[in-house]
Amino acid sequence: MTVATMNAPPIAFVTVCRLTDIPVLGARVLERAEAAGGNVAVFRAAGDRVFAVRDRCPHKGGPLSQGIVFGERVACPLHNWTVDLGSGCAASPDEGCVKTYVVRVEQGMVAVALDDGDA
Amino acid sequence: MNARATLPRPRLVIVGNGMAGIRTVEELLKIAPDRYEITVFGAEPHPNYNRILLSPVLAGEQTVADIVLNSREWYADNGIALRTATRVTRVDRVRRAVEADDGSVTPYERVLLATGSHPFILPVPGADLPGVITYRDIADTEAMIDATAKYANAVVIGGGLLGLEAANGLARRGMKVTVVHLMPWLMERQLDRTAGGLLQRSLEARGLAFRLEAKTEALVAGESGRVGAVRLAGGETLPADLVVMAVGIRPNVDLAKAAGLHCERGIVVNDTLQTYDPRIYAIGECVAHRGQVYGLVAPLFEMAKVCANHLAGYGIGRYAGSQVSTKLKVTGIDLFSAGDFTGGADTEEIVLSDPGTGVYKKLVLKDDRLIGSVLYGDTVDGAWYYSLVRERRNVAEIRDRLMFGEAHLGDTGHQGQSRALTMADDAEVCGCNGVCKGTIVRAIKDKGLFTLDDVRKHTKASSSCGSCTGLVEQLLMAAAGGDYSAAPKTKPICGCTDRTHQETRDAIRREKLQSIAATMHFLEWRTPNGCATCRPALNYYVLSTWPHEAVDDPQSRFINERAHANIQKDGTFSVIPRMWGGETTAPELRRIADVVDKYGIRTVKVTGGQRIDLLGVKKEDLPAVWKDLDMPSGHAYAKALRTVKTCVGSEWCRFGTQDSTAMGKSLERALWRMYAPHKVKLAVSGCPRNCAESGIKDVGVIGVESGWEIYVGGNGGIKTEVAQFLVKVKTSDEVLEHAGAFLQLYREEGWYLERTVHYVGRVGLEHVKRKVVEDAEGRRALWERLQFALDGEPDPWHEPERAKVDLRQFAPLAVVP
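Residues numbered from 1 in each chain as written. Chains lettered and ligands numbered in written order. Predicted model: local features only at pLDDT ≥ 70, side-chain atom pairs only at ≥ 80, totals over all residues.

(A) Seen up close, the overall build of chain A. A tally of helices and strands in chain A yields 1 helix and 10 strands. Ordered by position from N to C terminus, the α and β elements of chain A give α-β-β-β-β-β-β-β-β-β-β. Looking at the 119 residues of chain A, the share that counts as buried comes to 43%. (Helix = DSSP H or I, 4+ residues; strand = E, 2+ residues; numbered from the N terminus. Buried ≥ 20, exposed ≤ 12 C-beta atoms within 10 Å, placed from the backbone.)

Set out below in structure tokens:
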């Protein structure tokens, strides 16, 4: 893993907002065309831990950004699946994962590594 | 993985490879998968299997392979060392090691004793003869099946649950079976005399013979040296090539006693399932908890959850005892009992007895509460009665209908079915999630599900609207016997706490808790910021208890209440403006039409509550749509007053006796912006023809020549419920005061997500009448409290700042260049 990362091009982070633009235990949506990988939900959990996942529940595509955030998880607003923000995976016994993005918070600014792998 | 394996982990030794021990391991793996190095000892040569289903195996309805709950691969996959056919001989507490009959010595940091029970063997001559067995495990079951192929006559000693299941199985396999029972009727611990007699007759019809009040004196050897007969105290001798002793079980405390642990009837444990040695836990049939010994599976699972939590080092949760129910697993005989059904001097009984059709039902009541029931022949309502017993619900008002059961489990979504067992496998049980009966039954069997929650998680059945809950419970009961239900005495709000809704509401008022955080802190919530179930409830409780003092937390509200619009399946929203009493005007309609054009709104629909719904609005357009509509928020998205539906009334209608539209408008103006435990819908009709459908509303008002009748607790949704008459009043002011007082009472006492019908059902209409009708001063106080709470409450669409609407949510982020 480590070796592969070193050989890969450096991850390109793009700044999306200030940390304080996201409500605590809430989310904001980064809009992207479906062809460019679709919307990204940027979450702010307790302790200012920030996560970014594709804004599409693995169940029926519900916008996860609109769900209730608790711990480091979100409950999808459509059918209440619980998705782990770190792994992007649904809590058992539900099955399915959503794409996650690496996030960096520096000097109060939130940056997301929007690779174009799914573009 | 490698890093994990090199760290020395504490060793946990499980003594007993049965349902209780392994359930604890499963619970432990869920919350702390890497905490222990686990070794499981089982005296039987099998992996964990479902002991409840031994009777269907004996009866030839299932095979041993069918009833295995955890395969050997499961143990391997979870890194558990499984030692089957290995009996633990000693727990050495000084050297902290477990010794087994294979000579092994296994050191431990923690031990879990799950040694189950010993079958009781009558101390009569001949009890040790070949052919005399007990009925406890797979080996016993196989010995019985084996005997049915070689021998003709069997005697089962003991006419309890287990004995009768054994007798039935042996008879089904062709043996001639006599049941010898010491007591005057069968299953005397679960049944009264009448039901016991009915049971005996139907078993006799299947070819079983009985000797009641009969004492076994000796077992006599036959010529081969194997048992040949059973001699009774009166001198009668019954031929028997096989004798099954099913006269009861005793907690297996041998190991614990030898290790010097304090034992009474069972191994004594505290509410965390810990024995007197803090390193040793015990669970299941072998323990005595608060003086009680349990032999059914539901309590064991409750214990497992708590025990696993403490083993994981979280130290949260207590086991406080369980209520139990029983169901006989003999195919074709329906029998159910729960609670205290024998009664006493201060109890009352309602009995229905129809020997012709073989139906007998007895309900035992005490102080207007159901405390026990026996059902024979028709057990469809067993789960319902059991829940009434557990919830200690006041049944005074439904007493006259109680015997006839929960008449309609639900009217919608499953073809009006109320008997799951008669449904075909491909019949849909859960109409919301499209789950068929066959799918549920398979999941229950294959995945070893025992609780309603398990079934909901795995199949989604009954997890949406809940109208099919009764059917699912029936399927569980049929598949797992009366053991199906996890039976905590009280139901906590969610997994974050042990507190019930009532305890939480009480604490918020008593301790003047004015925020979610303060409530969680005071009531010792286990999670740092709750979950999607408890946070909305707590937010409602602090706001409704402390109006103008507690501060709303939008992040603890469901998206609809956060965005003040209804989310749709494609992520867009719907907007329903308020139209007072369902009346609108030309300028309003013009503005609505303009908004539809301007924002490209795809669908415009008239709702059931006489409003206009604009569907497919993009979230970022919401603030502009509200502004352009220039109409108040309809709160169609909130647990709040939704609509007051009206008929045209006396102003136009030739039958109208009262001006229902004016009444409806003033009710709606007085009550709008009122948040509640759940949505609230009103209707006002101008005459008893009731065109506004007041009979199925939370508050329904019907005008008559001499005034207004007020009905409460109706519901037109999942399960149609007719509203109950509350009071008749003369003036419209009185209507406002009574309706308002009732709704304030509901706001103060209701549990979050409890509709008025369930609230009234829980507290009783009498309670509501006392507070709202009989106590004039109290009524005025309630009405004033509601007006105080609503005073100055902002319209979120037009005063978003005051309503604390987070407007940032309507602006999507963009990549900063």
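(B) Region of the structure containing the overall build of chain B. Each helix and strand in chain B was counted, giving 25 helices and 36 strands. Against the 2.2 N^0.38 benchmark of 28 Å for 817 residues, chain B shows a C-alpha radius of gyration of 31 Å, consistent with a compact globule. Classification of the 817 residues of chain B by burial places 47% in the buried group. Here the analysis covers contacts within chain B between residues at least 6 apart in sequence; of these, 63% occur between residues at least 24 apart. (Rg over C-alpha atoms; globule rule 2.2 N^0.38 Å. Contact = placed C-beta atoms within 7 Å.)

(C) Looking closely at the sheet that holds strand S34 (residues 699-704) of chain B. Residue and element names in this part refer to chain B. Strand order in the open sheet formed by 5 strands is S32-S33-S34-S35-S36, and the pairing between neighbours is mixed. A single partner strand is all that each edge strand has here, and the edge strands are strand S32 (641-646) and strand S36 (724-729). Each strand of the sheet is rotated relative to its neighbour by a mean of 15 degrees, with strand direction disregarded. Across 6 bridges, S34 lies against strand S35 (residues 707-712) in antiparallel orientation. Within S35, the residue paired with Gly700 across the bridge is Tyr711. (Pairing = 2+ DSSP bridges. Axes fitted to C-alpha atoms, helices over the stretch in contact; angles between N-to-C directions.)

(D) Spatial organisation of the sheet that holds strand S13 (residues 216-221) of chain B. Residues and elements named next belong to chain B. Pairing is antiparallel in the open sheet, where 3 strands are placed in the order S13-S14-S15. Here the strands that pair on one side only, and so sit at the sheet edges, are S13 and strand S15 (237-239). Strand-to-strand twist across the sheet, computed as the mean angle between neighbouring axes with direction ignored, equals 25 degrees. In this sheet, S15 lies alongside strand S14 (residues 227-232) in antiparallel orientation, the contact comprising 3 bridges. Residue pairing across strands places Ala229 opposite Pro239, the latter belonging to S15.

(E) Broad picture of the nonpolar core. Residues and elements named next belong to chain B. Core analysis: the biggest nonpolar cluster contains 136 residues, and Val15, Leu113, Val243, Val244, Ile267, Ala282 and Ile283 have the highest contact counts within it. If you tally residues by element for this core, the top one is helix H9 (residues 297-311), at 10 residues. For Val15, the residues in contact, after removing those within four places along its chain, are Phe41, Val88, Val98, Val111, Leu112, Leu113, Ala114, Thr115 and Leu255. (Core = buried A, V, L, I, M, F, W, Y, C linked by C-beta atoms within 7 Å.)

(F) Looking closely at the packing of helix H2 (residues 19-31) of chain B against H9(B). Residues and elements named next belong to chain B. Interaxial distance between H2 and H9 falls to 8 Å at its minimum, and their mutual angle equals 40 degrees. Looking at the two axes, H2 sits oblique to H9. The element H2 and its partner H9 pack so that their crossing is right-handed. Of the residues in H9, those touching H2 at Met19, Ala20, Arg23, Thr24, Glu27, Leu28 and Ile31 are Val297, Leu300, Phe301, Ala304, Lys305, Cys307, Ala308, Asn309 and Leu311. The residue inventory of the contact of H2 with H9, partitioned by class, reads 11 nonpolar, 2 polar and 3 charged. (Parallel < 35°, antiparallel > 145°, perpendicular 65-115°, else oblique. Left-handed = near helix turned anticlockwise from the far one by under 90°. Nonpolar A, V, L, I, M, F, W, Y, C, P; charged D, E, K, R; others polar.)

(G) Highlighting the environment of Tyr276(B). All names here are of chain B. Structurally, Tyr276 can be placed in the loop between strand S18 (267-269) and strand S19 (280-282). Taking the number of C-beta atoms within 10 Å as the measure of exposure, Tyr276 has 14 and is therefore partly exposed. Sequence-wise, Tyr276 and Cys263 are 13 residues apart; in three dimensions their C-alpha atoms are separated by 9.2 Å. Apart from residues no more than four positions distant in its own chain, Tyr276 is found in contact with Leu261, His262 and Val268.

(H) Molecular detail of the pairing of strand S10 (residues 109-113) of chain A. All names here are of chain A. Where strand S1 (residues 13-18) meets S10, 5 bridges bridge the pair, whose relative direction is antiparallel. Its bridge partner being in S10, Phe13 is matched across the sheet by Ala113. With 4 bridges connecting them, strand S9 (residues 103-106) and S10 associate as antiparallel partners. Its bridge partner lying in S10, Arg104 is registered against Ala111. Hairpin connection, S9 to S10: the antiparallel pair is bridged by 2 residues, and Gln107 has positive phi, about 50 degrees.

(I) A look at the environment of Val351(B). Residues and elements named next belong to chain B. Take Val351: it is sitting in strand S23 (residues 348-354). By the C-beta count within 10 Å, which is 13 here, Val351 ends up partly exposed. The sequence separation of Val351 and Met403 amounts to 52 residues, and the corresponding C-alpha distance is 8.0 Å.

(J) Examining the pairing of strand S31 (residues 612-617) of chain B more closely. All names here are of chain B. Bridge analysis of strand S29 (residues 573-575) against S31 gives 3 bridges, and the strand direction is antiparallel. Residue pairing for S31: Val575 is matched across the bridge by Leu614. For strand S30 (residues 603-606) and S31, the ladder comprises 4 bridges, and the chain directions are antiparallel. From the neighbouring strand, Thr603 faces S31, where its bridge partner is Leu615.

(K) Fine view of the confidence of the model for chain B. Residues and elements named next belong to chain B. Looking at chain B, the pLDDT average stands at 90 and 95% of residues meet or exceed 70. Mean pLDDT values for the elements of chain B range from 49 in helix H1 (residues 2-6) up to 98 in helix H22 (residues 732-749). Across residues 484-488, confidence stays below pLDDT 50; counting only partners more than four residues off in sequence or on other chains, it has 20 contacts. (pLDDT = per-residue confidence, 0-100.)

(L) The domain arrangement of chain B, seen in detail. All names here are of chain B. On domain assignment, one finds that chain B holds domain 1 (9-117 + 251-311), domain 2 (132-247), domain 3 (334-402), domain 4 (420-484), domain 5 (501-557) and domain 6 (639-794). For domain 3 and domain 4, the distance between their C-alpha centres works out to 24 Å. In this complex, domain 3 contributes 5 residues to the contact, which on the side of domain 4 involves 5 residues. Considered class by class, the residues forming the side of domain 3 that touches domain 4 number 4 nonpolar, 1 polar and no charged. (Domains from an automatic or database assignment.)

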